[in-house]
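Architecture and fold: a report
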Amino acid sequence: DIQMAQSPSSLSASVGDRVSITCRTSQSISSLLNWYQQRPGKAPKLLIYAASILQSGVPSRFNGGGSGTDFTLTISSLQPEDFATYYCQQTYSTPYTFGQGTNLEIK
Amino acid sequence: QVLLEQSGAEVKKPGASVKVSCKASGYSFSTFDINWVRQAPGQGLEWMGRLNPNSGNTDLAQKFQDRVTMTSNAAISTAYMELTNLASEDTAMYYCARDKYGATEPWGQGTLVTVSS
């Protein structure tokens, strides 16, 4: 199985800040990585697929990058609704493993 | 509008089975895989497996291969996930999600399965 190392596990930031979350995989996955946002009590929502493609309807302040084994999700200017938990997931080979999650909290 | 609507919450005793349904609307059901993901209370996301509604083929995570069956009924655009021999560790929210060429969206609203004696 492909192992996922997502960091940080938690992050405190303020509205307007720029933040980045990283995801490292145990082997190369090309660009087959998704990023999700999950708010409390809600289903995950796809933000980015194929490492850098913004899902329709997702604000442009979300940006994904990377390939191979190292990936980054950047939020350019945090808005109040962005405080949530974020997960990466590889879709290169099954089982489609997830990162451990990053809890983004208001400072 | 593409939607996945899941069945309601379930409470089961240890050793029992549960079958969760996921009804799709707004697209051609047989065209895209359905993934199943679960989330234990306060924990992260765990991929369980995927179903190809057209062929009926499934690809299950190893830990679920003995206990999970994924099926579908194309006539009613519904996918099912059955988990047998339930234990307390299976208490979780279970989600279905469409996989459109690697873009896993939308997700169902989730079905809470509680296992308690």
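Up top you'll find the structure we're talking about.
Each chain carries its own residue numbering, running from 1 in the written order of its sequence. As they are written, the chains are lettered A onward and the ligands numbered 1 onward, keeping that order. Thresholds applied to this predicted model are a pLDDT of at least 70 for local features of residues and 80 or more for the giving and counting of side-chain atom pairs; totals over whole chains, interfaces and linings are not thresholded and use all residues. Processing note: side-chain calculations cover all non-hydrogen atoms of the structure and skip hydrogens and water entirely.

With respect to the overall build of chain B
This is how the line gets drawn: The way it works is that DSSP assigns letters per residue, a run of H or I at least four long becomes a helix, a run of E at least two long becomes a strand, and they are numbered from the N terminus. Based on C-alpha atoms, the radius of gyration is set beside the globule rule, defined as 2.2 Å times the residue count to the power 0.38. Burial classes: relative accessible area under 20% of the type maximum marks a residue as buried, over 50% as exposed, and values in between as partly exposed (1.4 Å probe, protein chains only). Here, two residues are considered to be in contact whenever any of their heavy atoms come within 4.5 Å of each other. Each accessible area value is a Shrake-Rupley result obtained with a 1.4 Å probe; residue values ignore everything except the protein chains displayed when judging cover.
The secondary structure content of chain B amounts to 0 helices and 11 strands. Of the regular secondary structure in chain B, the N- to C-terminal order runs β-β-β-β-β-β-β-β-β-β-β. Here the C-alpha radius of gyration of chain B, 13 Å, is about what a compact globule of 117 residues would show, namely 13 Å. Its C-alpha atoms give chain B principal-axis dimensions of roughly 40 × 25 × 25 Å. Expressed as a percentage of the 117 residues in chain B, the buried residues total 47%. Across chain B, every contact between residues at least 6 apart in sequence was considered, and the portion connecting residues at least 24 apart equals 52%. Of the roughly 5,500 Å² of accessible surface on chain B, 44% is carried by carbon and sulfur atoms.

Topic: the state of the cysteines
Residues and elements named next belong to chain B. Under the convention used in this document: By definition, disulfides here are pairs of cysteine sulfur atoms that lie within 2.5 Å.
For the structure on display, the rule yields 2 disulfides over all chains. Note on cysteine connectivity: Cys-22 is disulfide-linked to Cys-96, with sulfurs 2.1 Å apart. Handedness here is read from the sign of the S-S torsion; for Cys-22 and Cys-96, about 80°, the answer is right-handed. Of the two residues, Cys-22 is situated in strand β3 (residues 18-25) and Cys-96 in strand β9 (residues 92-100); the sequence distance between them amounts to 74 residues. A residue is classified by how much of its surface remains accessible, and Cys-22, at 1% relative accessible area, is buried. By relative accessible area, which is 0% here, Cys-96 ends up buried.

A word on the sheet that holds strand β5 (residues 45-49) of chain A
Residues and elements named next belong to chain A. To keep things clear, this is the line we draw: Each pair of strands is called paired provided DSSP finds at least two bridges between the two strands.
The strand order across the open sheet formed by 6 strands is β2-β10-β9-β4-β5-β6, and the pairing between neighbours is mixed. The open sheet has two free edges, formed respectively by β2 (10-13) and β6 (53-54), since each of these has just one partner strand. In terms of strand pairing, β2 meets strand β10 (residues 102-106) through 4 bridges, oriented parallel. When the sheet's bridge partners are listed, Ala-13 is paired in β10 with Ile-106.

Observations regarding the interface of chain A and chain B
Where we set the bar: Put simply, buried area is how much 1.4 Å-probe accessible surface two parts lose in total, over both of them, once they are put together. Salt bridge, as used here: a side-chain nitrogen of Lys or Arg that lies within 4 Å of a carboxyl oxygen of Asp or Glu. Two N or O atoms count as a polar contact when they lie within 3.5 Å, although within protein this holds only if one can serve as hydrogen donor and the other as acceptor, and sequence-adjacent residues are included solely when both atoms are side-chain atoms.
Counting residues at the interface gives 17 residues for chain A, matched by 19 residues for chain B. Carbon and sulfur atoms supply 61% of the area buried between chain A and chain B, which totals about 1,400 Å² over both sides. Area buried by chain A at its contact with chain B is led by A:Pro44, A:Tyr96 and A:Phe98, which between them contribute 35% of it. At the boundary of chain A with chain B, the tally comes to 0 salt bridges. Scanning the region where chain A abuts chain B turns up 8 residue pairs in polar contact (both at pLDDT 80 or more). Of all elements in the fold, only β4 (33-38), β5 and β9 (85-90) of chain A reach the threshold of two or more residues within the side of chain A that touches chain B.

A short note on the packing of aromatic side chains
Put simply, the rule reads: Each aromatic pair joins two rings of Phe, Tyr and Trp (for Trp, the six-membered one) with centres within 6.5 Å, and gets the label stacked for planes under 30 degrees apart, edge-to-face for over 60, and tilted for any other angle. To sit over a ring, a charge needs its Lys NZ or Arg CZ within 6 Å of the ring centre and within 35 degrees of the ring normal.
Under the defined criterion, the tally for this structure stands at 7 aromatic pairs over all chains. Plain terms: the ring middles of B:Tyr27 and B:Phe32 are 6.0 Å apart, the flat faces sit at 40° to each other, and that makes the pair tilted. Here B:Phe32 and B:Tyr101 contribute two aromatic rings whose centre-to-centre distance is 5.4 Å and whose plane-to-plane angle is 85°, an arrangement assigned as edge-to-face. Here the residue B:Phe32 occupies a position in the loop between β3 and β4 (33-39), and B:Tyr101 occupies one in the loop between β9 and β10 (103-107), the gap between them amounting to 69 residues. Among the aromatic residues, those joined into a cluster by ring pairs are A:Tyr36, A:Phe98, B:Tyr95 and B:Trp107. Its guanidinium or amino end placed over the ring of B:Tyr80, B:Lys19 lies 4.9 Å from that ring's centre, counting from NZ or CZ. The positively charged end of B:Arg98 is found above the aromatic ring belonging to B:Tyr27, 4.7 Å away from the centroid.

These figures come from the coordinates and say nothing about function on their own.
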